[in-house]
Amino acid sequence: HEAGFQNYKIVRGIPQRGFRIASVTSRDENREIKCDGLITTDPKVALTMCVGDCPAVIVTTGQRTPLMLLHIGAQNAADGIVGKAIDRFRHRFEIHPNRLIVGIGPGICADCYDVEWIRAQYGMRKDWEPFLWRDANGRKPHCDLRGYIVSRFLDRGVLARHISMARECTCCSRYPNGEFFLDSHHRAKTQGREGRFLVATAMGRQPWSLKRFFGWS
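For clarity, every value in this text was computed on a predicted model and none was experimentally measured. For every chain, the first residue of its written sequence is number 1, and the numbers climb from 1 along that sequence. Residues qualify for local features only when their pLDDT is at least 70, as the model is predicted, and side-chain atom pairs are given and counted only at 80 or more; totals for whole chains, interfaces and linings, by contrast, use all residues. Side-chain measures here rest on the full set of heavy atoms in the structure, leaving out hydrogens and waters.

## Observations concerning the packing of aromatic side chains
Here is the rule: rings of Phe, Tyr and Trp (six-membered ring for Trp) pair when centre to centre is within 6.5 Å. Planes less than 30 degrees apart are stacked, more than 60 are edge-to-face, and the remainder are tilted. Within the structure shown, the criterion is met by six aromatic pairs. Consider the rings of Trp128 and Tyr148, whose centres lie 3.8 Å apart with planes at 10 degrees: the pair is stacked. One end of the pair, Trp128, is in the loop between helix H3 (116–122) and strand E9 (132–134); the other, Tyr148, is in helix H4 (residues 145–155), with 20 residues separating them in the sequence. One aromatic cluster is present, built from ring pairs that chain together Trp117, Tyr122, Trp128, Phe131 and Tyr148. A ring is considered to have a charge above it if a Lys NZ or an Arg CZ atom is located within 6 Å of its centre and within 35 degrees of its normal. The cationic tip of Arg187 hangs over the ring face of Phe180; the distance from NZ or CZ to the ring centre is 3.8 Å. Here a helix means four or more residues in a row that DSSP labels H or I, a strand means two or more in a row labelled E, and each is numbered from the N terminus.

Laid out in structure tokens, this is it:
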């Protein structure tokens, strides 16, 4: 079992870069579900995913229920996974977006996310315009993926004060000893070490990650 979650029923989401959100309960213990979102109202369940540069996003309420864990990258963010997530809360649980609390985990920063395909695919869209630019000499592209994700939640009615975002970049953040803080798919393209890191969250307890990254109490 994942460290600190020995007393929970572990359910693992396997990201697909899509927008399927699976509802799970204790009966799904040890299942690996191909999806980019897990949601539960079961206090015995821990939701887990392995992610790289695309941030994991926790969506919940002040009562920590329902609890949702999302994997959000450029493609499914552009395709509307945030709207689908909020609609799940609104229509199935009658929870207005202004009651939702969102925590956006570590992800690749705009300085490191220098890929052309996002500009080529989404550069003409108004919603992407503030989050895509080039450096002063016009050569290196930049994409503020987490900024775009925040904008999607704001546009759907989540309050700015209810959104927290980790400062760490999966690609460039380091420990004081110089070791990289997290694994990064993008960094692996040049440095050769491929990997993912585990995100886990559950109701009924305050995971260390929420304190560490978001300051949630």
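## Points about the pairing of strand E6 (residues 56–60)
Burial status follows relative accessibility: with a 1.4 Å probe on protein chains alone, a residue under 20% of its type maximum counts as buried, one over 50% as exposed, and anything between as partly exposed. For E6, the tally of buried residues reaches five of five residues, placing the bulk of the element in the interior. Side chains Ala56, Ile58 and Thr60 project from E6 onto one buried face, and the interleaved Val57 and Val59 project onto a second face that is buried too. Two strands pair under a simple rule: DSSP has to find at least two bridges between them. Summarising the sheet, E6 and strand E7 (residues 67–71) pair through four bridges and their orientation is antiparallel. Bridge pairing in E7 links Val59 to Met68. Connecting E6 to the antiparallel partner E7 that follows it, the hairpin turn spans six residues, and Arg64 within it adopts a positive phi of roughly 65 degrees.

## Comments concerning helix H2 (residues 81–93)
For a helix, the expected span equals 1.5 Å multiplied by the number of residues minus one. Under the 1.5 Å per step criterion, the end-to-end length of H2 is 18 Å for 13 residues, consistent within 8% with the ideal 18 Å. Pairs of residues are marked as contacts when any of their non-hydrogen atoms sit within 4.5 Å. Buried positions along H2 lie against strand E2 (21–23), strand E4 (37–40), E6, E7, helix H1 (74–79) and H4. Glu94, located one to two residues past H2, shows a positive phi value of around 55 degrees.

## Description of the pairing of strand E8 (residues 101–104)
In E8, alternate side chains face the same way, and those of Ile101 and Gly103 on one face and Val102 and Ile104 on the other are all buried. In terms of strand pairing, E8 meets strand E11 (residues 163–165) through three bridges, oriented parallel. Note that in E11 the partner of Val102 across the bridge is Ile163.

## Regarding the environment of Cys35
The residue Cys35 is located in the loop between strand E3 (32–34) and E4 in this model. Taking the relative accessible area as the measure of exposure, Cys35 reaches 1% and is therefore buried. In the structure, Cys35 is positioned 119 residues away from Leu154 in sequence and 24 Å away in space, judged by C-alpha atoms. Contacts of Cys35, omitting those with residues within four sequence positions, involve Gly13, Ile14, Pro15, Gln16, Arg20, Ala22 and Met49.

## Re the pattern of salt bridges
We define a salt bridge as a side-chain nitrogen of Lys or Arg found within 4 Å of a carboxyl oxygen belonging to Asp or Glu. Summed over all chains, the structure comprises seven salt bridges. When the shortest N-O distance is used, the salt bridge between Asp28 and Arg31 registers 2.8 Å. The class of Asp28 is buried, set by a relative accessible area of 12%. Of the residues examined, Arg31 reaches a relative accessible area of 41% and is grouped as partly exposed.

## Brief notes about the state of the cysteines
As used here, a disulfide is simply a covalent bond connecting the sulfur atoms of two cysteines. Here, two cysteine sulfur atoms that lie within 2.5 Å of each other are counted as a disulfide. With the rule as written, the count across this model stands at zero disulfides. Considering cysteine sulfurs only, Cys50 is the nearest to Cys35, which forms no disulfide, with 12 Å between them. Here Cys54 stays unpaired: no disulfide links it, and the sulfur of Cys143, its closest cysteine neighbor, is 9.9 Å away.

The quantities given are spatial measurements derived from coordinates; they are silent on function.
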